[in-house]
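Chain by chain, the residues:
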Amino acid sequence: ALWWITRPVHLAVTGFLPLATVALFDFAPLDRILPAYAAELVILLLAANVLTTCWTRWGLDRRIALASLIGVGTDTTRQILAWFAIGMLLSAILPNTIVAATMIPIVVAMLRFIGIEDLWESNLGTALVIAVAWGTSAGGATTPLGGAPNLLTVEYIQDMVTGEEFLFTTWVARFLPLSLAVMVVTFLYVRFAFKPEIKKVEGTHEFFVSELKGMGKMSIHEKWSFVLFTIASVLAFTRPLYADVLPAFSPAFAFLSAAIVCFLIRPNGEHLMTWEYAQGRMMWGLFYLFAGGTALGRVLSETGTANYIADILLPYASGGGFLAVFVFAGLTMLMTQITNNTAAIAITVPITISTFQSLDMNPLPF
């Protein structure tokens, strides 16, 4: 935790610290910690990254964003809402960083097209950039595919709470109402805290149309990229329909199968994806960070450390209710201010689960 917060080395390197420490001091069974580095959800992260890298390689993510914005209109409130909503929708299935990296350049180019050069001196510019950033954050909670913290939480639920597969559909059913509520509140804040200096942004429709035309017709590579990701996503979310027939074919392996196909097919004689292209754009550090977080959770559980910390927090949790929510949400928010979200989840979720399990309370809501 100290290494994650102070960052003496890259976070990916810190991800390997649980292995080295356990091997050196032998205070937990290494054969329980090592599998965290090949966990099923690490495979899911890697495979989904291959598929989204396909989108980026052929410009599909940019095309979807531009096509979605063409019908927005010139009203600034609708513009803010549209950028927020598109960021939220895309980040539900794509990594937040990729969505933001795709959309922010479009925001900047559009603003310059209408004569706004300095974003930070413009309330409209500030509002649009923040709408994208916060939209991707709000949308990232909607499905497990929205980010590594979600998948790490799923891993803990499966390992420490249910002992069985936690379905994607269950996650969406629980989080969609919350994400929509967060979206409404955040949009209202952005709209009125950064009140745009103009009511209409003339020329934006023409800008989006010209940018989309400049991309030309949708290529066969874009179509294949979209189809493969869609097939993998459908298989992930319809898992209950075929779980009895294919018990081992979980979402991780649905995405892995689609990712392998990416390297196999050659539309018009050109590889949809090559390893040379993919390896330089994969989020390797995130995979190792995720694996390290899973390993840390297992260390905290195997050694009884999570229970020890949980005992300290019991007075705040014993009544359940608002105080418990406030304490554990506050602890998590504090951690995310000094380390990244995945590392914060790795520290706080095992403690939260242990605390409420010791009280014979269901830890999932907390």
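Residues numbered from 1 in each chain as written. Predicted model: local features only at pLDDT ≥ 70, side-chain atom pairs only at ≥ 80, totals over all residues. Heavy atoms only, no water.

Participant: Give me the lowdown on the overall build of the chain, citing residues and values where you can.
Facilitator: The helix and strand inventory of the chain stands at 20 helices and 0 strands. For the chain, whose C-alpha radius of gyration is 22 Å, the value lies close to the compact-globule estimate of 21 Å for 366 residues. Oriented by its inertia axes, the alpha-carbon framework of the chain measures out at about 65 × 50 × 45 Å. Relative to its 366 residues, the chain shows a buried fraction of 48%. By sequence separation, contacts in the chain at least 24 residues apart represent 76% of the contacts at least 6 residues apart. Summed over all atoms, the accessible surface of the chain reaches about 17,200 Å², with 66% contributed by carbon and sulfur. (Helix = DSSP H or I, 4+ residues; strand = E, 2+ residues; numbered from the N terminus. Rg over C-alpha atoms; globule rule 2.2 N^0.38 Å. Buried < 20%, exposed > 50% of the residue type's maximum accessible area, 1.4 Å probe, protein only. Contact = heavy atoms within 4.5 Å. Areas by Shrake-Rupley, 256 points an atom, 1.4 Å probe, with all protein chains shown as cover.)

Participant: Talk me through the side chain of Arg298; I want residue IDs and the actual numbers.
Facilitator: Structurally, Arg298 is set in helix H17 (residues 284-302). In this structure Arg298 comes out as buried when scored by relative accessible area, which is 12%. A polar contact of 3.3 Å, which involves the side chain of Arg298, links it to the backbone oxygen of Arg32. One polar contact links Arg298 to Asp159, side chain to side chain, over a distance of 3.2 Å. With near-sequence residues (within four places) excluded, Arg298 lies in contact with Arg32, Ile33, Pro35, Ala36, Glu155 and Asp159. (Polar contact = N/O pair within 3.5 Å; in protein donor to acceptor, adjacent residues only side chain to side chain.)

Participant: So what's going on with the packing of aromatic side chains? Residues and values would help.
Facilitator: Per the stated rule, a full pass over the model turns up 17 aromatic pairs. Centroid distance Trp275 to Trp284: 6.0 Å. Interplanar angle 65°. Geometry classified as edge-to-face. Taking relative accessible area as the criterion, Trp275 reaches 40% and is therefore assigned partly exposed. Since its relative accessible area comes to 27%, Trp284 is described here as partly exposed. Each ring, one from Trp284 and one from Phe287, has its centre 5.6 Å from the other, and the planes form 85°; the classification is edge-to-face. With Trp284 and Phe287 both in helix H17, this residue pair falls 3 residues apart, about one helical turn. (Phe/Tyr/Trp six-rings, centres within 6.5 Å; stacked < 30°, edge-to-face > 60°.)

Participant: Kindly report on the environment of Asp244, identifying the contributing residues and their values.
Facilitator: Assignment of secondary structure puts Asp244 in the loop between helix H14 (239-242) and helix H15 (251-264). Along the backbone, Asp244 and Ala141 are 103 residues apart, and their C-alpha atoms lie at a distance of 28 Å.

Participant: Explain the packing of helix H6 (residues 60-69) against helix H7 (residues 76-91) to me, using residue names and the numbers behind them.
Facilitator: Look at H6 against H7: their axes get within 10 Å of each other, and the N-to-C directions meet at 145°. In this structure, the crossing between H6 and H7 has a hand that is right-handed. Only Ala82, Trp83, Ile86 and Leu90 of H7 make contact with H6, whose side of the interface consists of Ile64, Ala65, Ser68 and Leu69. Among the residues forming the contact of H6 with H7, the class breakdown is 7 nonpolar, 1 polar and no charged. (Axes fitted to C-alpha atoms, helices over the stretch in contact; angles between N-to-C directions. Left-handed = near helix turned anticlockwise from the far one by under 90°. Nonpolar A, V, L, I, M, F, W, Y, C, P; charged D, E, K, R; others polar.)

Participant: Go over the nonpolar core with me, naming the residues and quoting the values.
Facilitator: If you look at the biggest cluster of nonpolar residues, it comprises 105 residues, and the most contacted ones within it are Trp83 and Phe255. If one sorts the elements of this core by residue count, helix H5 (residues 40-58) sits on top with 11 residues. Setting aside its immediate chain neighbours within four residues, Trp83 contacts Leu69, Met103, Ile106, Val107, Met110, Leu128, Ala131, Val132 and Phe208. (Core = buried A, V, L, I, M, F, W, Y, C linked by side-chain atoms within 4.5 Å.)

Participant: Could you give an account of a nonpolar patch on the surface, with specific residues and numbers?
Facilitator: Residues Leu2, Trp3, Val9 and Val13 make up a contiguous nonpolar surface patch of roughly 360 Å² in combined accessible area. Note that Val9 resides in the loop between helix H1 (2-6) and helix H2 (11-14). (Patch = residues over 30% accessible without salt bridge, like charges linked within 9 Å, V, L, I, M, F, W, Y side chains within 5 Å. Salt bridge = Lys/Arg side-chain N within 4 Å of Asp/Glu carboxyl O.)

Participant: Quick one: what's the story with the layout of surface pockets, residue by residue and with numbers?
Facilitator: Taken as a whole, the second largest pocket holds about 230 Å³ of empty space. Around the second largest pocket sit 15 residues that line it, and Ala1, Leu17, Pro18, Thr21 and Leu296 are the ones nearest its centre. Of all elements in the fold, only H1, helix H3 (17-25) and H17 reach the threshold of two or more residues within the lining of the second largest pocket. In terms of residues, the lining of the second largest pocket owes the most to one element, H3, which gives 4 residues. (1 Å grid on protein atoms, 1.4 Å probe; cavity = no way out; pocket = protein on both sides within 12 Å on 5 of 7 lines; lining within 4 Å. Points joined across faces, edges and corners; volume = space filled by probe spheres on them.)

Participant: Break down the environment of Phe290 for me, citing the residues and quoting the values.
Facilitator: Looking at the secondary structure, you find Phe290 in helix H17. Between the alpha carbons of Phe290 and Leu41 there is a distance of 8.9 Å; along the sequence they are 249 residues apart. If sequence neighbours within four positions are ignored, Phe290 has contacts with Leu41, Val42, Leu45, Ala148, Leu151, Leu152 and Thr342.

Participant: I'd love a proper account of unusual backbone geometry, names of residues and values included.
Facilitator: For Arg7, which is not a glycine, the phi torsion comes out positive at approximately 55°. As for its position among the elements, Arg7 is in the loop between H1 and H2. You will see that Asp360, though not glycine, has its phi angle at about 55°, which is positive. Locating Asp360 in the fold gives a position in the segment after helix H20 (341-358). Among the residues examined, Asp360 registers a relative accessible area of 74% and is labelled exposed.

Participant: Describe in detail helix H18 (residues 305-317), supporting the description with residues and values.
Facilitator: Helix length check: H18 (13 residues) gives 17 Å between terminal C-alpha atoms against 18 Å at 1.5 Å per residue, within 8%. A bend of about 45° at Asp311 is the largest found in H18, and the proline Pro315 appears one to four places after it. For H18, the full list of buried residues reads Ala306, Ala310, Leu313 and Ala317. (Expected span 1.5 Å × (residues − 1). Bend = angle between axes of the 7 residues up to and from the residue.)

Participant: Which residues make up the pattern of salt bridges, and what values go with them?
Facilitator: Tallying each qualifying case throughout the model produces 6 salt bridges. Glu302 is the salt-bridge partner of Arg32, the closest N and O atoms lying 2.7 Å from each other. Residue Arg32 is located in helix H4 (residues 30-33), and its partner Glu302 is located in helix H17; the two are separated by 270 residues in the primary sequence. Salt-bridge contacts for Asp159 lead to Arg298; the nearest nitrogen and oxygen are separated by 3.2 Å. Of the two residues, Asp159 is situated in helix H10 (residues 148-162) and Arg298 in helix H17; the sequence distance between them amounts to 139 residues. Relative accessible area serves as the criterion here: at 40%, Asp159 is assigned to the partly exposed category. By sharing partners, the salt bridges in this structure join Glu155, Asp159 and Arg298 into a single network.

What is shown is where atoms sit, not what they do.
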